[in-house]
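# A look at the structure
Here are the chains, one letter per residue:
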Amino acid sequence: MALDVAAIKADFPVLARLVDGQPIHYMDSAASSQKPTAVIDAMENYYRNGYASVNRGAYQLAREATQAVDAARTAVARFIGAPHAHEVIFTKNATESMNLFAQAWGRANLGAGDVIVLTEMEHHANIVPWQMVAAEKGSEIRWIPITESGELDLTDLDRILDGAKVVSVSAMSNVLGTINPVRRIADAAHAAGAVVAADGSQYVPHLPTDVVELGVDVFVFTGHKMLGPTGVGVLWGTTELLDAMPPFLGGGDMILTVTKEGFTTNELPHKFEAGTPNIAEIIGLGAAVEYLEGLGMEAIREHEVSLTAYGLRALKEAYGDDIRIHGPSEPANRGGIFSVEYKDVHPHDLGQILDSHNVYVRAGHHCAKPLLQTMGIQASARASVYVYNDESDIDAFVAALAGADDIFGF
Amino acid sequence: MALDVAAIKADFPVLARLVDGQPIHYMDSAASSQKPTAVIDAMENYYRNGYASVNRGAYQLAREATQAVDAARTAVARFIGAPHAHEVIFTKNATESMNLFAQAWGRANLGAGDVIVLTEMEHHANIVPWQMVAAEKGSEIRWIPITESGELDLTDLDRILDGAKVVSVSAMSNVLGTINPVRRIADAAHAAGAVVAADGSQYVPHLPTDVVELGVDVFVFTGHKMLGPTGVGVLWGTTELLDAMPPFLGGGDMILTVTKEGFTTNELPHKFEAGTPNIAEIIGLGAAVEYLEGLGMEAIREHEVSLTAYGLRALKEAYGDDIRIHGPSEPANRGGIFSVEYKDVHPHDLGQILDSHNVYVRAGHHCAKPLLQTMGIQASARASVYVYNDESDIDAFVAALAGADDIFGF
Amino acid sequence: MAGLEDLYKEIIVDHYKNPRNKGTLPTPPAVEEPGTNPYCGDEVVVYVQVDDGVVSDVAVEGRGCSISQASLSMMSEAIKGKPVEEVRGLIDEFKEMMTGAEPDAGDVMKKGELAALTGVRKFPDRIKCAILSWNTLGQALDKSDDNA
Amino acid sequence: MAGLEDLYKEIIVDHYKNPRNKGTLPTPPAVEEPGTNPYCGDEVVVYVQVDDGVVSDVAVEGRGCSISQASLSMMSEAIKGKPVEEVRGLIDEFKEMMTGAEPDAGDVMKKGELAALTGVRKFPDRIKCAILSWNTLGQALDKSDDNA
Ligand SMILES: Cc1ncc(COP(=O)(O)O)c(C=O)c1O
Ligand SMILES: Cc1ncc(COP(=O)(O)O)c(C=O)c1O
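Residues numbered from 1 in each chain as written. Chains lettered and ligands numbered in written order. Predicted model: local features only at pLDDT ≥ 70, side-chain atom pairs only at ≥ 80, totals over all residues. Heavy atoms only, no water.

With that out of the way, let us pick up the confidence of the model for chain C. With 92% of its residues at a pLDDT of 70 or more, chain C has an overall mean of 90. The complex model carries a pTM of 0.95, and its ipTM stands at 0.93. (pLDDT = per-residue confidence, 0-100.)

Here you go:
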């Protein structure tokens, strides 16, 4: 079942906006996605008709809000194939999720000389928290290298994993679009005795996700890239791992008892959700998940593979060797992310020129500086697609690139 | 200028809701406040008309979003008298704010035997984070005791502060309503060489706030209690303290550079705002601040003092010795919080009975277990007022209490 | 809002105001098991003495809302003198009655006074109040098994 | 969206494609100062040699967008041979021109080629690109003072 993109576009109010009298081409979903009316309305309805805090209120509105949060947790668990809803911990974004894991688990489990394994294509969110714990504990970070074509080079995997205590890898690169063999790495890492985390920030919005099939112990992702609101992320972990892990943020709701002498922790998921939750955001994420389920994740993936194929072809046809597209060339192995270098135009200038054609892309280091350093580049201009993009957006992107020629006279 | 409560009520869509055909009396603002249309609309407008992520997008929508966040930061800084907007750090709630400070500052500055000073009336958010660092570092927690009437007992302050490295006190108690002499404690603590933090979660929504006049180094509060959305809180700190403090969450935006070898931190406020910010929530909080400024914080305080006086009088008149109201008896020294014990009815049952009259209060330990233990109670039923409450709400609350008599036959 | 009379049935208020089997038992031979509900702070302590596979004596103490304390009191009466196996069955049945599909009237009747607590089903956030004592009892029996 | 022709004036593109004073200077006698813009990753390195209170030589290197690199190149030309005091004044004036109230036409003219950069004002998030080299220059001069 192909997506009906025209109908989908109509669900996203922003996309109807005209800038300078012209329609916009939103191609920055890898940074953050737009929101369908269903998501906006779910939050608005909560604020307008039933606002209250959750968990402890003995009155009608509080009960409704508590049920709405429970329902969203169940929906998210179902969406990622989590065996138990209590394994779904709501955070503020993927960054907090990864910090929660790296700091709470890391402080309790890492020591001097212990090995943390990352890859060269990680987002800063999956690097800096580990550098912080590594510095605190005297641990070592090892990096799975990448190949020329922007895929993980697993030749030396066994050596790299030797003695590893934790392995944390991106399921899909936000710069290259590369879909990584998480299962294979997880199995090898488990065999080596390591705990395995994956950063699903770019994966969950775009592919059917099953955390059990992926074989990981921990999985993080962020709401705003999957049609959800800002201010909500998810940490999924196995019950066993989460039960054994010390808490991260201390405060209300995460405790069972508090005395002047100390505290004991509440059961999952509350143990890791201190303070008043991001209730509206959780409700919004629940609505986003339902919207995505309505479209069907298989259909979304199919749509994006075909758009990716179309885009890769169109760029090459238009510009040949004047354009360099980073990442795997095979659409089946990557997401709908086009990180390009066009002639000698600096990505920042390229972004500006595309902006003047209402083509909205991101230019910069995409929070993956070590990757860019490895690739020998300072920045890239990245266009990315999602459910509401179609070939006309790709066409606009391709055409607008030539605008750089007029200015820089290349 | 007295508040026009009828007009204000009309700004809050929830308050127009009927439950079982009857109007509702929302008296749980100390847990979380309702939201005016202005706040809901500000967020909705962002999602519908201009959604994009901030800081690094070279296109129109991203610029607008960045400007909106900057404007909200400036508004919040102005609202609390912060000398610099970059001292306003956005978090997800007050709990995260206090953890940020306790963990990031505490790990860098506390050692074995060092003294942390709290008070007996703190919320768990200002206890548990300190217990966590104290356990990690071998530090000691000392408690400023409370008097029978629920005020801080400062008789022994100098002894308690002796050798203290950090003092963290609630500006207003969420159970007792007590407004604490933050300035006096801050001055004494500074004289003793300690750093001073205050928990303004209950204070900022209800009184004109000036962090410089309060004399603190750090000040935390939460958006959802001050007409703002869920999912946003604030940590304010002096530039000096924040510059010297290590980061808390690592990831995108908080870095200047990242290499495989390590990272350097960005300037304030970004240093402490890792990952994609809670953009919509920040925009909503900015709108809330503007709404509150429109009413005027002096007028709000006046309104609440008069409602408090009315409520204290009405409760005593109706029930005499059958009702016990915790906290200071003088309205000028407290906020509009009525934590009551009614005959021998358990607070949880009281909450249920009030609910059946559409009077929405909170029953429980209010995340202040050590305080309740000190007071020798297990729970309380707490009604609290805000800008949209008037004497009719108090009357409904007072009348509904008697409903317990029919059931329990006391 | 469902009528409060479903929640606060007369028999429940009676157990709340006049708790049965209130007190403690010497341990050993009895076992003592505390239970708490973190959200509302309800507390119960269950003492059970098991002799030859039978709950020969029971005592309970607690502090909390009427539902939690009435349930505790009613439970203490329902289990006294019953074989452990039957009591374990009762725990399951009670929890099923409170959280399962709509209870079948015939079954409910068999639980006698306990059936009064079915009214709590209409107040989902009070169900945990009613169940606390029964969960604690289950833990007390486990402990008793371990000691045996 | 303001017209791109305001941003990418011919003279700017020229400096970008043909950067002046590109290279390094031996340190000492020169000082070397790197500058980075954390968001876009623009990099500049400014070498200045000060003799008797005058910027006797300057060399620059960098990587980044056209605005950052053109500004760097134009700056190198504007300061060479000028007294340090005058250069410091120029830094302030340039920043004022980019971020202050609407610049007065007369003043702008005096800045010659630099005036081409006023078009950047219409693109607020590019202003930091234009200013990077000037901030770095300020730090280089401070360092040079310290060494003296
Ligand atoms: C005094 C006080 N401090 C801290 C908090 C924590 O706020 P939040 O739950 O939004 O983090 C609250 C409210 O719950 C409070 O009343
Ligand atoms: C691969 C990847 N990981 C982590 C993140 C961080 O997500 P957030 O900024 O929502 O925390 C992002 C997006 O910015 C990402 O693309």
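Alright, that's what it looks like, and here's the rest.
Residue and element names in this part refer to chain D. With antiparallel pairing, the 3 strands of this open sheet are ordered in space as β1-β2-β3. Edge positions in the open sheet fall to β1 (31–36) and β3 (54–63), since each of these has one partner strand only. With strand direction ignored, the average angle separating the axes of adjacent strands in the sheet is 20 degrees. The sheet contact formed by β1 and strand β2 (residues 43–51) spans 6 bridges and is antiparallel. Looking across to β2, one finds that Val31 is bridged to Val48. Across the sheet, helix α3 (residues 66–79) is in contact with β2 and β3; its angle to β3 comes to roughly 170 degrees. (Pairing = 2+ DSSP bridges. Helix = DSSP H or I, 4+ residues; strand = E, 2+ residues; numbered from the N terminus. Axes fitted to C-alpha atoms, helices over the stretch in contact; angles between N-to-C directions. Contact = heavy atoms within 4.5 Å.)

All names here are of chain B. Spatial ordering of the open sheet is given by β4-β10-β9-β8-β7-β5-β6, a layout of 7 strands whose pairing is mixed. Strands with a single pairing partner mark the edges of an open sheet, and in this sheet they are β4 (88–91) and β6 (140–144). Going from strand to strand, the sheet's axes swing by 20 degrees on average, the running direction of each strand aside. Strand direction decides the pairing type here: β4 and strand β10 (residues 233–237), joined by 4 bridges, are antiparallel.

Let us now look at the site of ligand 1. Surrounding ligand 1, one finds 14 residues, the nearest of these being Thr276(A), Thr95(B), Asp199(B), Thr222(B) and Lys225(B). Gln202(B) is positioned with one of its side-chain polar atoms (N or O) 2.7 Å from an oxygen atom of ligand 1. Summarising the interface, the protein chains cover 96% of the accessible area of ligand 1, which totals 390 Å² for the free molecule. For the shell around ligand 1, the per-class residue count stands at 2 nonpolar, 10 polar and 2 charged. (Near = heavy atom within 4 Å. Polar contact = N/O pair within 3.5 Å; in protein donor to acceptor, adjacent residues only side chain to side chain. Areas by Shrake-Rupley, 256 points an atom, 1.4 Å probe, with all protein chains shown as cover. Nonpolar A, V, L, I, M, F, W, Y, C, P; charged D, E, K, R; others polar.)

So, on to the nonpolar core. Side chains that are nonpolar tend, in soluble globular proteins, to be buried together. One finds Phe219(A) and Phe219(B) to be the most contacted residues of the largest nonpolar core, which totals 182 residues. If we skip the residues at most four places from it in the chain, Phe219(B) touches Ala198(B), Gly200(B), Tyr203(B), Val204(B), Thr209(B), Val211(B), Leu214(B), Val234(B), Leu235(B) and Trp236(B). Grouped together as the second largest cluster of nonpolar side chains are 72 residues, Leu110(A), Val128(A), Leu100(B) and Leu235(B) included. (Core = buried A, V, L, I, M, F, W, Y, C linked by side-chain atoms within 4.5 Å. Buried < 20%, exposed > 50% of the residue type's maximum accessible area, 1.4 Å probe, protein only.)

Let's shift gears to the relation of the copies chain A and chain B. Laying chain A over chain B is done by rotating through 180 degrees and shifting 0.0 Å along the axis; what remains is an RMSD of 0.0 Å. The transformation relating the two chain copies, once decomposed into turn and shift, fits a two-fold axis. An overlap of 99% is found between the interface residues of chain A and their copies at the interface of chain B, pointing to a shared contact surface. (Least-squares fit on C-alpha atoms with pLDDT ≥ 70 in both.)

Before going further, it helps to examine the environment of Arg183(A). All names here are of chain A. Structurally, Arg183 is set in helix α7 (residues 182–191). Its relative accessible area of 41% is what places Arg183 among the partly exposed residues. Sequence separation of Arg183 and Asp41 is 142 residues, and the distance between their C-alpha atoms is 37 Å. Apart from the residues within four sequence positions on either side, Arg183 is in contact with Val212, Glu213, Leu214 and Gly215. Here Glu213 takes part through its backbone oxygen, which lies 2.6 Å from a polar atom of the side chain of Arg183.

Before going further, it helps to examine the site of ligand 2. Near ligand 2 there are 14 residues, and of these Thr95(A), Asp199(A), Thr222(A), Lys225(A) and Thr276(B) occur at the shortest range. Bordering ligand 2 are residues originating from chains A and B. Thr222(A) places a side-chain nitrogen or oxygen 2.6 Å from an oxygen atom of ligand 2. Looking at side-chain class alone, the shell around ligand 2 contains 2 nonpolar, 10 polar and 2 charged residues.

Between chain A and chain B, the contact holds 96 residues from the first and 95 residues from the second. Each partner contributes to the roughly 7400 Å² buried at the junction of chain A and chain B, and carbon and sulfur atoms together form 57% of this total. Where chain A meets chain B, there are 10 salt bridges. With its nearest N and O atoms 2.6 Å apart, the salt bridge here joins Arg17(A) to Glu64(B). For the side of chain A that touches chain B, the leading source of residues is helix α2 (residues 37–49) of chain A, giving 9 residues. Within the side of chain A that touches chain B, the residues separate by chemical class into 41 nonpolar, 34 polar and 21 charged. (Buried area = accessible area lost by both parts, 1.4 Å probe. Salt bridge = Lys/Arg side-chain N within 4 Å of Asp/Glu carboxyl O.)

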